[in-house]
Amino acid sequence: MGTLKLEPALSRPDLLAPPVVKALEIWPAEAPVDAEQVLVAPIDAGVADTAAFCEAYDVGLEVSANCVIVAGRRGEVVRYAACVILATTRADVNGVVRKLLDARKCSFAPMDEAVRLTGMEYGGITPIGLPADWPVLVDARVAATPHVIVGSGVRHSKIAIAGPALGALPNAQVIPDLARIA
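Cut-offs applied
Residues numbered from 1 in each chain as written. Predicted model: local features only at pLDDT ≥ 70, side-chain atom pairs only at ≥ 80, totals over all residues. Heavy atoms only, no water. Pairing = 2+ DSSP bridges. Helix = DSSP H or I, 4+ residues; strand = E, 2+ residues; numbered from the N terminus. Buried < 20%, exposed > 50% of the residue type's maximum accessible area, 1.4 Å probe, protein only. Contact = heavy atoms within 4.5 Å. Phe/Tyr/Trp six-rings, centres within 6.5 Å; stacked < 30°, edge-to-face > 60°. Lys NZ or Arg CZ within 6 Å of the ring centre and 35° of its normal. Axes fitted to C-alpha atoms, helices over the stretch in contact; angles between N-to-C directions.

Regarding the sheet that holds strand β9 (residues 157-161)
The pairing of strands in a sheet comes from backbone hydrogen bonds and takes either a parallel or an antiparallel form.
Part 1: Across the sheet, which stays open at both edges, the 4 strands sit in the order β1-β2-β9-β8 with antiparallel pairing between neighbours. Strands at the two margins of the open sheet, each flanked by one partner only, are β1 (7-8) and β8 (148-151).
Part 2: By the bridge criterion, 2 bridges tie β1 to strand β2 (residues 39-42) in an arrangement that is antiparallel. Opposite Pro 8, over in β2, you have Leu 39 as the bridge partner.

Structure (structure tokens):
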């Protein structure tokens with residue numbers, strides 16, 4: 001995990017957004033990893049964006065996961081979902097995601113909307129602790145990665161977690177080819 005100084009996330013709530021802390025406190029017993037195995041590391045918020053983060057902390061893009069919030073619309077109905085993809089890929093928003101959300105139109109949620117709805121900071125949104133009614137779409141490549149780095153809900157830290165654990169989050173679905181190689 002590069003040069004990150006990792007420690008159990010539950011021991012450092014100051015490095016997590018409030019919804020992430022709540023989710024870890026009620027972590028399901030049947031999850032493939034215990035809550036104590038979810039790790040967090042402080043980082044410089046100025047390099048929270050993926051490419052800068054990976055370079056600054058010697059973390060490979062192939063183990064860095066991004067969580068993007070999408071909004072799918074059909075008429076007046078808007079459905080939100082989180083897509084968890086590796087940094088080496090791009091979410092197929094207008095193909096796979098649009099069909100999964102049964103939407104006519106699908107796009108990345110506007111920044112202010114994503115922040116308001118998740119209770120997390122833009123650039124740090126994580127699949128852990130999202131609204132309970134949102135699907136969490138996890139690309140099969142992420143779920144197959146032994147350990148990945150993902151946001152923590154804030155820009156000044158990152159979470160390290162087993163990829164299979166992301167695929168087992170509440171409302172998570174592992175989707176083959178959710179993303180395409182960038």
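Looking at helix α3 (residues 93-100)
Residues lying three or four places apart along an α-helix face the same way, a consequence of the helix completing one turn every 3.6 residues.
Part 1: Every buried residue belonging to α3 is among Val 93, Gly 95 and Val 97, and all of these are buried.
Part 2: In this structure, the buried residues of α3 make contact with β3 (65-74), β4 (77-86), β5 (89-91), β6 (105-108) and β7 (136-139).

Focus on the packing of aromatic side chains
Part 1: Following the criterion strictly, the structure yields 2 aromatic pairs and no others.
Part 2: Between Tyr 80 and Trp 134, the ring centres sit 5.4 Å apart and the planes meet at 20 degrees, which makes this aromatic pair stacked. With Tyr 80 in strand β4 and Trp 134 in the loop between α4 (111-118) and β7, this pair connects stretches of sequence that are 54 residues apart.
Part 3: For Tyr 80, a relative accessible area of 17% puts it in the buried group.
Part 4: Across from the ring centre of Phe 53, 4.9 Å away, lies the NZ or CZ of Lys 158, which sits over that ring.

Notes on the sheet that holds β3
Part 1: Spatially, the 5 strands line up as an open sheet ordered β6-β3-β4-β7-β10, and their pairing is mixed. The open sheet has two free edges, formed respectively by β6 and β10 (172-175), since each of these has just one partner strand. When the angles between neighbouring strand axes are averaged without regard to direction, this sheet yields 30 degrees.
Part 2: Pairing analysis gives 10 bridges linking β3 to β4, with the strands arranged antiparallel. Residue pairing across strands places Gly 72 opposite Arg 79, the latter belonging to β4.
Part 3: The sheet strands contacting α3 are β3, β4, β6, β7 and β10, and the helix crosses β6 at an angle near 115 degrees.

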